[in-house]
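So the chains spell out like this:
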Amino acid sequence: LLTLILTTVLILATQSKTSLLCLMIGVGMVGGWWVLKQGGAAVTIVAIWAAVVGIVGGAWTWHIASASILQALGKDPSLTGRTLIWEALMRKVADRPWTGYGFSAFWGVDSIPAREIHIETQWPVPSAHNGWIDLLVQLGWPGALAVGAVMAISAIFVIVRTNGLGAREGYWSIAYLSAFTALSLSESVLLTHANLPWILMLAIMARAVTFDPAPVRAPLARPASRAYQTRSRIASDYVNGRRPLRF
């Protein structure tokens, strides 16, 4: 609890709306799954309906009043220039929709398409600031769909194993998967080398598709043979009912 409080304070100090959103999604997923686990069937049904209504209502509100929402959050409608980058890059995607410009090739130092983006946006854009658009310009639609399919399969495995693996790990996997998906919409964190968010995502994917090994019972110790047993007594050892002394 102390760690969560300290993390929240630090995120609020950065004034990063993306980080705050990821924190809210992660904590909300952990709390939501815990409530579903403890509440029973009735609570589960109500929670699912509430989630569906909330998602649909949020999407509709964003569609009709996104500018007002961003202004209330202290953000400009262009998301700090991101929408201009996305529009310019999607035109590049339309030029090569199937193959893209090559993995890690679009943002190269000598890349002519990247230079055109710099001229159009009037600043040296280092990335798309959107993981999925970055995949589109690098690998085309097949590459982006392949990465999306892998993440979707991992999410399905994580959800299916929530009652067992998820409960033992505190629902950390489903929380991080949700927060990472939200982060990928505003930062280029997909298929990036030496990037901690993507490395953790790969770890969750590997853990989701790897089943727990069958429990192995430790072998019991073999019973000690003739422990604390005296020498067998037979009739020949006794003379006149008394056992002779042995030297």
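Reading the values: rules and limits
- Residues numbered from 1 in each chain as written.
- Predicted model: local features only at pLDDT ≥ 70, side-chain atom pairs only at ≥ 80, totals over all residues.
- Heavy atoms only, no water.
- Patch = residues over 30% accessible without salt bridge, like charges linked within 9 Å, V, L, I, M, F, W, Y side chains within 5 Å.
- Areas by Shrake-Rupley, 256 points an atom, 1.4 Å probe, with all protein chains shown as cover.
- Salt bridge = Lys/Arg side-chain N within 4 Å of Asp/Glu carboxyl O.
- Helix = DSSP H or I, 4+ residues; strand = E, 2+ residues; numbered from the N terminus.
- Buried < 20%, exposed > 50% of the residue type's maximum accessible area, 1.4 Å probe, protein only.
- Core = buried A, V, L, I, M, F, W, Y, C linked by side-chain atoms within 4.5 Å.
- Contact = heavy atoms within 4.5 Å.
- Phe/Tyr/Trp six-rings, centres within 6.5 Å; stacked < 30°, edge-to-face > 60°.
- Axes fitted to C-alpha atoms, helices over the stretch in contact; angles between N-to-C directions.
- Parallel < 35°, antiparallel > 145°, perpendicular 65-115°, else oblique.
- Nonpolar A, V, L, I, M, F, W, Y, C, P; charged D, E, K, R; others polar.
- Expected span 1.5 Å × (residues − 1).
- Polar contact = N/O pair within 3.5 Å; in protein donor to acceptor, adjacent residues only side chain to side chain.
- Left-handed = near helix turned anticlockwise from the far one by under 90°.

Novice: I'm lost on a nonpolar patch on the surface in this one. Help?
Specialist: Side chains of Leu1, Leu4, Ile5, Val9 and Val27 sit close together on the surface and give an oily, nonpolar patch of about 480 Å² of accessible area. For the nonpolar patch, the element with the most residues is helix H1 (residues 2–14), which contributes 3 residues. Inspection of the secondary structure puts Val27 in helix H2 (residues 17–39). Taking the relative accessible area as the measure of exposure, Val27 reaches 39% and is therefore partly exposed.

Novice: I keep staring at the environment of Trp172 and nothing clicks. Help me out?
Specialist: Topologically, Trp172 is positioned in helix H8 (residues 172–183). Judged by its relative accessible area of 42%, Trp172 is partly exposed. Separated by 146 residues in the primary sequence, Trp172 and Gly26 place their C-alpha atoms 8.2 Å from one another.

Novice: Before we go on, may I ask you to explain the nonpolar core in this structure?
Specialist: A general tendency of soluble globular proteins is for nonpolar side chains to be buried together. Leu89, Phe106, Met151, Phe180 and Met201 are the most contacted members of the largest nonpolar core, which totals 35 residues. Where this core is concerned, the elements lending two or more residues are helix H4 (82–95), helix H5 (112–121), helix H6 (131–160), H8 and helix H9 (196–208). Sort the elements by how many residues they give to this core and H6 lands first, with 9 residues. Among all residues touching Leu89, those that are not within four sequence positions of it are Phe106, Trp107, Ile117, Ala128, Ile133 and Val137.

Novice: Is there a simple way to think about the packing of aromatic side chains in this case?
Specialist: Aromatic ring pairs: the centre-centre distance and the angle between the two ring planes describe each pair. For the structure on display, the rule yields 5 aromatic pairs. Taken together, a centroid distance of 5.2 Å and an interplanar angle of 70° make the contact between Tyr101 and Phe106 edge-to-face. Note on Tyr101: relative accessible area 16%, which makes it buried. Centre to centre, the rings of Phe106 and Trp107 are 4.9 Å apart; their planes meet at 80°, and the pair counts as edge-to-face. The buried category is assigned to Phe106, whose relative accessible area is 0%. Every member of this aromatic cluster is reached through a ring pair, and the members are Trp172, Tyr176, Phe180 and Trp198.

Novice: How should I be thinking about unusual backbone geometry in this particular structure?
Specialist: Working note: non-glycine residues mostly have negative phi, and peptide bonds are mostly trans. In this model, His129 sits at a positive phi of 55°, which is unusual for a non-glycine residue. Here His129 lies in the loop between H5 and H6. A relative accessible area of 16% places His129 in the buried class. Of note in this structure, Leu191 is not a glycine but carries a positive phi near 55°. Structurally, Leu191 can be placed in the loop between H8 and H9. Relative accessible area serves as the criterion here: at 27%, Leu191 is assigned to the partly exposed category.

Novice: What is the right way to look at the packing of H4 against H6 in this model?
Specialist: How two helices sit against one another is set out by the angle between their axes and by the gap between those axes. Viewed as axis vectors pointing N to C, H4 and H6 meet at an angle of 10°, and their least axial separation amounts to 9 Å. In terms of axis orientation, H4 runs roughly parallel to H6. Mapping the contact onto sequence places Trp86, Leu89, Met90 and Val93 in H4 and Ile133, Leu136, Val137 and Trp141 in H6. Of the residues that constitute the contact of H4 with H6, the class distribution is 8 nonpolar, no polar and no charged.

Novice: Teacher, can you tell me more about the pattern of salt bridges here?
Specialist: Oppositely charged side chains can pair when the atoms bearing their charge come close. Scanning the entire structure with this criterion turns up 3 salt bridges. With its nearest N and O atoms 2.1 Å apart, the salt bridge here joins Lys92 to Glu116. With a gap of 24 residues between them, Lys92 in helix H4 and Glu116 in helix H5 connect regions that are remote in the sequence. Taking the relative accessible area as the measure of exposure, Glu116 reaches 37% and is therefore partly exposed.

Novice: Would you mind showing me how to read H6 here?
Specialist: Since the α-helix advances by 3.6 residues per turn, residues separated by three or four positions end up pointing in the same direction. Along its 30 residues, H6 runs just 26 Å from first to last C-alpha, ending more than 12% under the 44 Å computed at 1.5 Å per residue. The backbone nitrogen of Trp132 has a side-chain oxygen 2.9 Å away, supplied by the residue at the start of H6, namely Asn130.

Novice: For this particular structure, what's the right way to read the packing of H2 against H8?
Specialist: Two elements in contact, H2 and H8, have axes whose closest approach is 8 Å; the angle formed by their N-to-C orientations is 150°. The pairing of H2 with H8 is recorded here as roughly antiparallel in orientation. In terms of crossing hand, the pair formed by H2 and H8 is right-handed. In this structure, H2 uses Thr18, Cys22, Ile25, Gly26, Met29, Val30 and Trp33 to contact H8, whose residues at the interface are Ile174, Ala175, Ser178, Ala179, Ala182 and Leu183. Looking at the contact of H2 with H8 residue by residue, the class counts come to 10 nonpolar, 3 polar and no charged.

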